[in-house]
Each structure stands twice: as structure tokens, then as C-alpha cells.
Amino acid sequence: MAKVLIIGGGVAGLSAGIYSELCGQHAVVCERHSAAGGNLTGWQRGEYHIDNCIHWLTGTNPSSDTYKTWEELGALGGIDIFQGDTLYTCEYRGETLSLCKNLKRLEESMLAVSPRDKDEIRSLIRAVRTMQGLCGIAGEEHDKKLSLSGKLSALPMLTKYYALTVSELASRFSHPLLRRFIGAFWGEDFGALALVTVFAAFCGENGGIPKGSSRAMAERMSSRLKALGGELLLGKEAVKINRLNGKAVSVDFADDTRIEADYIVVACDPAAVFGKLLDADMPRRLAKQYKDPRLHRFSSYQCALSCDTSALSFKGDFIFDVPRKYRSELRINQVIVREFSHEEAFAPRGKTVLQTLTFCYEDEARKFIELRDKDREAYERKKRSLADALVRILVMKFPQMKGKLELLDVWTPATYKRYTGSETGSYMSFVFPSKRLPVRIGNRVKGLSNVLLATQWQQMPGGLPIAAEAGKRAAETIAKTEAREGRRLFSQRKPYAERLGEI
Ligand SMILES: Cc1cc2nc3c(=O)[nH]c(=O)nc-3n(C[C@H](O)[C@H](O)[C@H](O)COP(=O)(O)OP(=O)(O)OC[C@H]3O[C@@H](n4cnc5c(N)ncnc54)[C@H](O)[C@@H]3O)c2cc1C
């Protein structure tokens, strides 16, 4: 049995550990924090729980392939899934439009807003249906995956979206509400294909939220690892990967300990590993992506507030225009605010948590990080002033919230950098741009036969399913290497079911 040491206990690392155990190896997951999960986390502020991650979890529909993976990882089995009626609602001058899970209703409501845009609306809805067919998601009319010929004939339908950014797609609509609906939830540089994919997942009931949300899901995955016999070492920060004769032999930790292993899996931001923890070059294709000016990494600053449920007048995420005088301070034109009334346990009775989310690219993220490093007080003041402005904007928009909001927490890209060690506090992989396919980067590291990558950075745009898949692939690569070297048999799938039956 080979010993697999995994650096990073996020979803990719937990997945690498769980699948390594399922493949018959011994997994040791080392996580620098006091809890596993990485970005899949949440935290308490008094009586409130603040959720960090899941807006939608692709793979909650049992007919999707990803569901099976989540089940094997212990993430979903037997858990209630919350599939809200709407993912987000956009508002413009009092008129609203929601991304609702019923595609027919979505089409009708878009047409009702702007009959003039019917060609673009119908084209978008057709593309979403096509994507559902390609992914095999059980939407209203698509119960099965498309056949190979069906897939090939579906591709031209998607080429239009492949070539457009989200903002270019938005500009094809004449009505300002539709332009906001298309453009406001994503960064401008996102490829429109990413939007089509998210619409397809949500409207195919394949983008729900497991009960308890992020932290609870991470805890279930941690329990699955341990139940299989894997080790989870918390507060264990790797500082150096030691190499000898073309192999990595051990890892040194910040607590002055050393662990030897047969394989080492890097399951954290590669930008913080290559040339730092590990004296080796980053895989060439991945390094090229980090240098590509089109491939942004993003983070966000967020505020959590408590709010009386009686003052709440929307469901899911709500997006509205920022009054002009606040735009330069906040550097945004629209606010995204999310409510958590679907998680009653997150707040005392009669209250709920509201969270605002403001995306930032690397330059702005670096400013937060530098400010925190140089001047803690100024950083705290900045957080406070952002939160004050956001509260004022919320009360202007929803006057009934006056006196009903209380600040719980503010966090920024500096928080993400500190928490996960990710270089610019980025928490997804690169923004998935137009005219690019989300090609997967392999997990091998040149010159080191037993070091593997398992991270969301191997495939744009990242996210939980990609992280989980990366972990699974690393474990399978190790299992195949072991089988090739005659140490253990490996046949895909079968051992997973067998071992899961044992626990
Ligand atoms: C606000 C927000 C919303 C999101 N919404 C969604 C969503 O709705 N759907 C979705 O699919 N995804 C979403 N994501 C993205 C998702 O959280 C990430 O894609 C995923 O968690 C990445 O997992 P990972 O394991 O690759 O990396 P991480 O989560 O970054 O995990 C890496 C782990 O490695 C640890 N680590 C780093 N360096 C070391 C070291 N030297 N030694 C030991 N441990 C180390 C870190 O502490 C961390 O736990 C969201 C993320 C955020 C922050």
C-alpha cells in the first residue's frame, strides 16, 4: 500500500484523499487550517452562521455524472437539496427579471420584458437546452444525454456563445433590464458559454444547495475520508517538499516535523507552490495561463449583515444599480446581495443573514492585500467604510430595512489569501474567457515522477466539481502507476462501490 501525502485539505485535497483510500492506498491529508474544506467553508459570528461558498453546486441532480462523484465523496448522499425557484433577480427602474428554474417560464418572462429581443432570447434558450442535452441533465424536456450524432449537431448552436464574452452577449439585447440580467452576475470578461452552462445547470435542477451548505458539506467529506481509514492532519502547514534523484521523498511542515511519503499531491494554489514550496517549474501549460493577460483571477470583498426577515422582499440573489455617488468609492455599478432564509439554522428566529458580494480582479485584490500587510488600522477602516456605504445603499433600495440591519462581518481578498494561501486571494480558477475551450491540464510535474497536481487550477473556470474531479484523477493516476509497477490491481469504479459498501 503506497502512502499518499496530500498538501491542502480543500475539496481537491479531500477528494484526492478519499479516492486514494478507495483505490487501496493510504492517504494523509495535511491542511494548514483548523478545519478542512478550504473555500468550502463557513463560520460563526455570535448566533449567526456565515456561509462562504455554495451559490450553486453542479451535480445535485441524481441523473448527472457529477452526482455520482459527490455521493462517492460522501458530500451528498441522503442530504436534502435546496433548489430555489430563482438563482438571481435583476432590477432596473422598478422592473425585475429572475433566472428561474423553469426554462419555459424564463423564456416567457424575458419575452414579456422585451418582445423586441425575441430572436436573442430564443437563441439563448435553445443554447441552454442544447447544453442540458450535452450534459445529460434532466431538464423539463431533456431526460437523456444526446447521442454522439446529436452532440455533433448541437455544437454549431453553441459556437455563437463560444465566441462572445458575457458583456458582448448583453449588448446584443436592446432592453436595459435584459442587458443587466445577462451581464450583471458575472465579470465582463467571462465567456458567454460559462453563462449558458450555469443557466443549463440551474434550470436542469442540477445546481442546488445541500442542506447546511458549505461547512456541513466539507465536514461530511472529512468524515468520509476518516471512515475510509485516511488521516486528516489539521494545523499542518507544508513549507518544503524535499526531493532526491527525481523523486519527492518527504514534506517539511511549519511545526518542524517531516513526513515521508511515496506520492505527494499538491492540492493548493500552484502559484504558491512552484518555486516556493517545491524547487521545480510549474507545468508549462499552467504557467502559460498564469502569464496570459486575458486570463484573470478574481476574488471579492463581502459583507454579512443580520436582517429581520420581515424586512426582506426578495429571494435568492438580488442585483440592483448602485446610486451614482457611490460608484467610484465601491468601484461597482451594481450590487449583488444574497439572502439565506432557506437556512433557518443560520440565524435566530425572525432574522436572516444578508451577504453583499463585490468581485475584484487581481489589481484590486492586491491593493487589499498590501493595505492589510502595511497598515492594519487603515485596512480595518477601509472595510468599515465599504460596509457603511453598502448598508446605506441597501436602505436606500429597501427603506423597510432601516434600523433592521446589523453588520456581522466584512472580508476581502486579503482574508482569502490568509485563509487558503492562494496568491491573490483568488478562489476559483482563471476566468473562463470567450474563444477558449475549458481544456484540462494534466496532473504530472516534469522531472518528479511521484508529485501530482490536484487543483481546480487545472481547468477553467474552477469550482467545486472541477476541484473534486482533479482530486479523483490524481488518485487514479497513482493507482494506475501502482498497478503498472505490479504492486496493486486497479480497475476503475468497481473497487469504489465495494469499499464504500464496507463503511
Ligand atoms: C465566495 C465564493 C463563492 C463560491 N461559489 C461557488 C459555487 O457556488 N459553486 C462552486 O462550484 N464553487 C464555488 N466557489 C469556488 C470553490 O469554493 C472552489 O472552486 C473550491 O473550493 C476550490 O477547491 P480547492 O481544493 O481546489 O482549493 P481551496 O479551497 O483553495 O483549498 C486549498 C486548501 O489548501 C490549503 N493549503 C494551502 N497551502 C497549504 C500548505 N502550504 N500546507 C497545507 N495546506 C495548505 C488551504 O488552507 C486550503 O484549505 C466559491 C468560492 C467562493 C470563495
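Quick caveat, the model's predicted, so the values are computed rather than measured.

What counts and what doesn't
- Residues numbered from 1 in each chain as written.
- Predicted model: local features only at pLDDT ≥ 70, side-chain atom pairs only at ≥ 80, totals over all residues.
- Pairing = 2+ DSSP bridges.
- Helix = DSSP H or I, 4+ residues; strand = E, 2+ residues; numbered from the N terminus.
- Axes fitted to C-alpha atoms, helices over the stretch in contact; angles between N-to-C directions.
- Near = placed C-beta within 6 Å.
- Nonpolar A, V, L, I, M, F, W, Y, C, P; charged D, E, K, R; others polar.
- Parallel < 35°, antiparallel > 145°, perpendicular 65-115°, else oblique.
- Contact = placed C-beta atoms within 7 Å.
- Domains from an automatic or database assignment.
- Expected span 1.5 Å × (residues − 1).
- Buried ≥ 20, exposed ≤ 12 C-beta atoms within 10 Å, placed from the backbone.
- Arc of directions from axis to C-beta.

(A) Spotlight on the sheet that holds strand β13 (residues 258–260). Taken in spatial order, the three strands make up an open sheet running β11-β12-β13, and their pairing is antiparallel. Looking at the sheet topology across the chains shown, the edges are occupied by β11 (238–244) and β13. In this sheet, neighbouring strand axes are inclined to one another by 25° on average, regardless of whether the strands run parallel or antiparallel. Inspection of the sheet shows β11 paired to strand β12 (residues 247–253) by six bridges, in the antiparallel sense. When the sheet's bridge partners are listed, R243 is paired in β12 with A248.

(B) Seen up close, the site of the ligand. Neighbouring residues of the ligand: 35 residues in total, closest G8, G10, G38, N39 and G463. Those elements that place two or more of their residues in the shell around the ligand are α1 (11–22), β2 (26–31) and α15 (464–484). For the shell around the ligand, the element with the highest residue contribution is α1, accounting for three residues. Classifying every residue of the shell around the ligand by side-chain character gives 16 nonpolar, 16 polar and three charged.

(C) Highlighting the packing of helix α4 (residues 118–135) against helix α8 (residues 192–203). Where α4 contacts α8, the two axes come as close as 8 Å, and the packing angle between them is 70°. On the basis of the axis angle, α4 is roughly perpendicular to α8. The residues of α8 that touch α4, namely those facing A127, V128, M131, Q132 and C135, are V196, T197, F199, A200 and C203.

(D) Here's a closer look at the domain arrangement of the protein. You can read the domains of the protein as domain 1 (3–59 + 214–293 + 431–502), domain 2 (95–204) and domain 3 (298–420). If you average the C-alpha positions of domain 1 and of domain 2, the two centres end up 33 Å apart. Each partner contributes residues to the interface: domain 1 has nine residues there, and domain 2 has 12 residues.

(E) Inspection of the sheet that holds strand β5 (residues 57–58) at higher detail. If you trace the three strands from one edge of the open sheet to the other, you get β5-β9-β6, paired in antiparallel fashion. Each end of this open sheet is capped by a strand with a single partner; those strands are β5 and β6 (81–82). Both β6 and strand β9 (residues 207–210) contribute to a ladder of two bridges, which runs antiparallel. Residue pairing across strands places F82 opposite I209, the latter belonging to β9.

(F) Representation of helix α12 (residues 362–374) within the structure. The first and last C-alpha atoms of α12 sit 18 Å apart over 13 residues, in line with the 18 Å expected at 1.5 Å per residue. Every buried residue belonging to α12 is among A365, F368, I369 and R372, and all of these are buried. Along the axis of α12, the buried residues cluster in a sector spanning 95°; they form a single face. The outward face of α12, more than 90 degrees from its buried face, is lined by the exposed residues D363, E370 and K374.

(G) Representation of the environment of L5. On the secondary structure map, L5 appears in strand β1 (residues 3–7). It is 9.7 Å that separates the C-alpha atoms of L5 and V451, two residues lying 446 residues apart in sequence. If we ignore the near neighbours within four places in the chain, the residues touching L5 are V28, C30, V251, I259, A261 and I264.

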